[in-house]
Amino acid sequence: MPVEQGLKVYNQDSNNEFATLLEKDLNKRTIKEHSVIEATVEAILNKVVVLDVNFKSSAVLDKSEFTQDELANLKVGDKFPVYIESLERMGSLVVSKEKAARKTAWDKIVNSFNNKENVTGKIRSVVRGGYSVEVYGSIGFMPNSQLDLKPVKDIKPFMNTPLTLRVIKCDHQRLNFILSRRELLAEDQSKAREELIKNYSVGMEVSGTVKNIVSYGVFFAINGAVDSLIHSQECDWVRVPNLNDLFSVGQTVKAKIISIEDGKISCSIKQLTDNPYDKLESGKFKTGEKYKVKVSKILDFGAICLLDENIPCLLHQSDFMWTKKHVNLNEHLKVGEEIEVVLKDVDTSKNKVIVSVKDLKNPIEDFKKKVGDVGTVCKAEIVKILDFGLFLKAHPEVELDIFLHRLQVSYENQVEEIKKLKVGDKIEVKIVGISDTEMKINCSRLPLLENPFAHAFEGKKVGDVITVKVREVDKAKNNLYCDVGPKRYKITIPGKEISKDKAQARAERFQASDSLDTLIVALDPEKMHAKLSIKALEEKNEKEMIEKYSSEGKEGSQLLGTVLKDVLNKSKKDKE
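Counting of residues starts from 1 at the beginning of each chain's written sequence and follows it residue by residue. Since the coordinates come from a predicted model, pLDDT governs what is reported: local features require at least 70, and pairs of side-chain atoms require 80 or more to be given and counted, while whole-chain, interface and lining totals use all residues. As a convention, hydrogens and water are excluded, and side-chain values are obtained from all of the structure's heavy atoms.

K.L.:
Quick question: what am I supposed to make of the environment of L446 here?
P.N.:
By secondary structure assignment, the location of L446 is in the loop between β25 (440-444) and α7 (452-456). If sequence neighbours within four positions are ignored, L446 has contacts with L407, Q408, V409, S410 and Y411. Secondary structure is summarised from DSSP: a helix means a run of H or I of at least four residues, a strand means a run of E of at least two, and numbering begins at the N terminus for each. Here, two residues are considered to be in contact whenever any of their heavy atoms come within 4.5 Å of each other.

K.L.:
What's the story with unusual backbone geometry in this structure? I'm lost.
P.N.:
Phi is mostly negative for residues that are not glycine, and the peptide bonds are mostly trans. Notably, K116 is not glycine yet its phi reads approximately 55°, a positive angle. Turning to its location among the elements, K116 is positioned in the loop between α3 (97-115) and β6 (118-127). The class for K116 is exposed, based on a relative accessible area of 64%. The backbone phi angle of Y136 is positive, close to 55°, even though this residue is not glycine. Positionally, Y136 belongs in the loop between β7 (130-135) and β8 (138-143). Burial classes follow relative accessibility: with a 1.4 Å probe on protein chains only, a residue under 20% of its type's maximum area counts as buried, one over 50% as exposed, and anything between as partly exposed. When its relative accessible area of 39% is taken as the criterion, Y136 is described as partly exposed.

K.L.:
Help me out: how do you make sense of α3 in this one?
P.N.:
Between its first and last C-alpha atoms α3 spans 27 Å; for 19 residues at 1.5 Å apiece the expected length is 27 Å, and the two agree. Of all the residues in α3, the buried ones are K97, A100, A105, W106, I109, V110 and S112. Once α3 finishes, K116 follows within two positions and takes phi at roughly 55°, a positive value. Expected span of a helix: the number of residues minus one, times 1.5 Å.

K.L.:
How do you make sense of the sheet that holds strand β29 (residues 515-524) when you look at a structure like this?
P.N.:
The strands that make up a sheet pair up through hydrogen bonds in the backbone, lying either parallel or antiparallel. Spatially, the five strands line up as an open sheet ordered β28-β27-β26-β29-β30, and their pairing is antiparallel. Of all the strands in the sheet, the pair left with one neighbour each is β28 (489-494) and β30 (529-533). Within this sheet the neighbouring strands show an average axis-to-axis angle of 50°, counted without direction. Here, any two strands with at least 2 DSSP bridges between them count as paired. In this sheet, β30 lies alongside β29 in antiparallel orientation, the contact comprising five bridges. Paired with I520 across the two strands is L532, which belongs to β30. Packing of helix α8 (residues 534-550) onto the sheet brings it into contact with β26 (465-474), β29 and β30, and relative to β29 it is tilted by some 100°. Angles shown run from 0 to 180 degrees and are taken between the N-to-C directions of axes, each axis being a line fitted to C-alpha atoms and, for helices, limited to the stretch in contact.

K.L.:
Quick question: what am I supposed to make of the pairing of β29 here?
P.N.:
On a regular strand, each side chain points to the face opposite its neighbour's, so the side chains alternate between the two faces of the sheet. One ladder, built from five bridges, connects β26 with β29; its direction is antiparallel. Among the inter-strand pairings, V468 is bridged to a residue of β29, identified as L516. Counted between consecutive antiparallel strands, the loop separating β29 from β30 contains four residues, among which M528 sits at a positive phi close to 55°.

K.L.:
Could you clarify how one ought to interpret the sheet that holds strand β24 (residues 426-435) in this entry?
P.N.:
Strands sit in the order β21-β22-β23-β25-β24 around a closed barrel of five strands; the barrel is mixed. Here the average twist between neighbouring strands, direction ignored, is 50°. Bridging between strand β21 (residues 377-386) and β24 involves five bridges; their strand directions are antiparallel. Bridged to E381 within β24 is K426. Against the sheet, helix α5 (residues 363-370) makes contact with β23 (402-405), β24 and β25, and its axis sits at roughly 135° relative to β24, the strand it touches most.

K.L.:
Can you help me understand the pattern of salt bridges in this one?
P.N.:
Pairing between side chains becomes possible if they bear opposite charge and their charged atoms approach one another. When a carboxyl oxygen of Asp or Glu lies within 4 Å of a side-chain nitrogen of Lys or Arg, that pair is called a salt bridge. Under the criterion given, the structure shown has 24 salt bridges. A salt bridge links K352 to D345, with the shortest nitrogen-to-oxygen separation between them at 3.7 Å. Residue classification places K352 among the partly exposed positions, given a relative accessible area of 31%. Under the relative-accessibility criterion, D345 is labelled partly exposed at 30%. Close ionic contact of R488 with D483 constitutes a salt bridge, the shortest N to O distance being 2.8 Å. One salt-bridge network, in which partners are shared between bridges, spans R166, E183 and E187.

These figures come from the coordinates and say nothing about function on their own.
Written as structure tokens, this is what we have:
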């Protein structure tokens, strides 16, 4: 068929050309899922807005993603970013304006975090542990501690106010981020501090106010601006355990800068003066010698005194009196007062000088001169009564008290005897022990009392028979409490010593006032210990009986059998 003039014929070549042009157009219109692109409003319908996204088909966006103000001002041709959620099989697109805003904001937040750039945010609400902060339309979290350098008591001035912040953490999976204002403030403060530190140098003398006192030193502000540390070892030439005894918050102090490292200044108060302990190396001062010192400071644990040539020394409270370890020196000393002391210890390597007031005299020697040595009998006043004994004062001018152990109060019934005594009573005692090393003096009342034990067992020995009288029957413990001698010395006979027959070894067989013959099986007068036994006496009598009758032959054996039979019959009746 002839071809008409002017009519373009499409052949294989022309088809290829069309395919190429179509492919180029589609490449221009390629849209990737989960990306943000710019959309143009094509039409505004009742419930949706039709958008041109430069794709083969338009996109539809629900009006619910717009605010009332945005819808009122929306018109055809307006442009705004949308988020491509998915590309459907039929070529339609699912887009979101809200998610586009969130993704754009998140990208900005991540970029700020990676580049350590500041962001502007507003605190919208207070939540548990911190604050909910809006940044680029997204909500992040700022902990309480990150709002300011110091704890914030009133949050109202910060609410809904633009704040310059720093993103310090991002969670890409949960799209969460954490903000900080404190980090920026700290950086500004550090920069300002660095500028201020340039004005100071090692060796410079400065003044400042004490801001805080801790166990290891004192923090103070140089000229009220730059914080510095005075280590405890640099506070005074005398080592003071509790720095609160030397300083108080707000106090003005002078110090010397001894180091500036890594933006930190360290100072010293003691290095404002020469080391006074260098004078000790001359050998002028010797331990054990007496010296005059002037009281410089009175602290909780002791007093700082000045030796000759203003050498600091420590008078600890335990070195003031022999009778008390914890003494309130404010009650005995005054600042500026001059007192006599004994140089107790000198350690030049540690800059330590210890002095003592109590070492001025030996209280043991004083006691021996005014009261007496071991063996002396004296009257002493009770000054303290404790569970384990009594403390007595033998002489008003002697510092050391003497000790009376509770077991040395009486031979028997010590608890009852102590109850009869009270503070202020004077009792007669005998000095029985003096320790020069421990500075202790012991006394006793026993040597001045009649010994009921010795009286009860006078002339007796192990193996002797002694008669006792039952004082009390203890059925629960199966014991007999008996009196020995006219002075009624109390002794216990346990159930196992009542009879050699287990069935008869019962305390309840007896009653108070019964008289019993017993055998002394143990006796120690020095320790006041004796052991009596009815069982042992029965065994002894039986043994003697067997020996006696067995020596008399057949007649004796018959008589022994008769006696044993009578004994067994009597024992049987007792059991019944």
